[in-house]
Amino acid sequence: MAYLWIKVLHIVAVISWMAGMLYLPRLFVYHCDAVKGGEAADKFCVMERRLLRGIMTPAAVVSVLAGLWLAWVGDLWADPWFHAKMLLVAILIGIHVFLWRQVRAFAVGQNRFSDKFYRVINEIPALLMVGIVALVVIRPWG
């Protein structure tokens, strides 16, 4: 029964993490259009920081920890599909770190990227999510 509850926790945490991963770059798109140092830019900084610290990062930590526990209990370490999934999760974590750095860059007025860049970045987590879900459901090579 504990396995099923950890699986529920993992799924809810992944949904929360992905919601943030899909929304934060969209906030950056709008933030790029805001006047530097203006009221809207300040509001975006607060929204971005709260999303990152209050939802995304805790959800990412719970996702990873619960996922590792499920992998350990399910003895998935030798399955090739699981290795592919872990690679995609590692890339997703890398994007999370990149977004975290961008929150800090916006906060100090040092964003270097355009709204078009963030529109492209916004699609990457969605593609990774599709790949991860496909690997979990289909379990090729296993």
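Since this is a predicted model, take the numbers as computed values, not measurements.

**Some points on the nonpolar core**
Okay, step 1: Formed by 31 residues in total, the largest nonpolar core has its most connected members in W17, M21, L24, F28, M56, L92 and L99.
Okay, step 2: Listing elements by their share of this core, those giving two or more residues are α1 (2-33), α2 (39-74), α3 (80-107), α4 (115-121) and α5 (123-138).
Okay, step 3: Broken down by element, this core gets its largest block of residues, nine residues, from α3.
Okay, step 4: The contact partners of L24, leaving out residues within four places of it in the chain, are E48, L51, L52, M56, L99 and V103.

**Description of the packing of α1 against α2**
Okay, step 1: Direction vectors running N to C along α1 and α2 enclose 150°, while the axes themselves pass 7 Å from each other. Here α1 lies roughly antiparallel to α2, going by the angle between them. The way α1 lies across α2 gives a crossing that is left-handed.
Okay, step 2: Among the residues forming the contact of α1 with α2, the class breakdown is 28 nonpolar, six polar and two charged.

**A few points about the environment of M47**
Okay, step 1: Considering the arrangement of structural elements, one finds M47 in helix α2.
Okay, step 2: Overall, M47 belongs to the partly exposed group, its relative accessible area being 32%.
Okay, step 3: It is 9.8 Å that separates the C-alpha atoms of M47 and V103, two residues lying 56 residues apart in sequence.
Okay, step 4: Beyond its immediate chain neighbours, meaning those up to four positions away, M47 contacts Y23 and L27.

**Structural notes on the UniProt feature "transmembrane region" (unreviewed entry) in the protein chain**
Okay, step 1: In this numbering, the UniProt entry assigns the feature "transmembrane region" (unreviewed entry) to residues 6-30, 51-74, 80-99 and 120-141.
Okay, step 2: For residues 51-74, the end-to-end C-alpha separation is 32 Å, with 100% helix and 0% strand making up the annotated structure.
Okay, step 3: Within the segment residues 80-99, helix and strand shares are 100% and 0% respectively, and the terminal C-alpha atoms sit 29 Å apart.

**What about the packing of aromatic side chains?**
Okay, step 1: The full count for this structure, using the stated rule, is 11 aromatic pairs.
Okay, step 2: Here F98 and F117 contribute two aromatic rings whose centre-to-centre distance is 6.0 Å and whose plane-to-plane angle is 65°, an arrangement assigned as edge-to-face. On the criterion of sequence distance, the pair formed by F98 in helix α3 and F117 in helix α4 is long-range, its members being 19 residues apart.
Okay, step 3: Three or more aromatic residues joined by ring pairs make a cluster, and in this case those are F28, F98, F106, F113, F117 and Y118.
Okay, step 4: Over the aromatic face of W100 sits the side chain of R104, whose NZ or CZ is 5.1 Å from the ring centroid.

Parameters and conventions
Residues numbered from 1 in each chain as written. Predicted model: local features only at pLDDT ≥ 70, side-chain atom pairs only at ≥ 80, totals over all residues. Heavy atoms only, no water. Core = buried A, V, L, I, M, F, W, Y, C linked by side-chain atoms within 4.5 Å. Buried < 20%, exposed > 50% of the residue type's maximum accessible area, 1.4 Å probe, protein only. Helix = DSSP H or I, 4+ residues; strand = E, 2+ residues; numbered from the N terminus. Contact = heavy atoms within 4.5 Å. Axes fitted to C-alpha atoms, helices over the stretch in contact; angles between N-to-C directions. Parallel < 35°, antiparallel > 145°, perpendicular 65-115°, else oblique. Left-handed = near helix turned anticlockwise from the far one by under 90°. Nonpolar A, V, L, I, M, F, W, Y, C, P; charged D, E, K, R; others polar. UniProt positions renumbered as here; feature names shortened; annotations may be inferred. Phe/Tyr/Trp six-rings, centres within 6.5 Å; stacked < 30°, edge-to-face > 60°. Lys NZ or Arg CZ within 6 Å of the ring centre and 35° of its normal.

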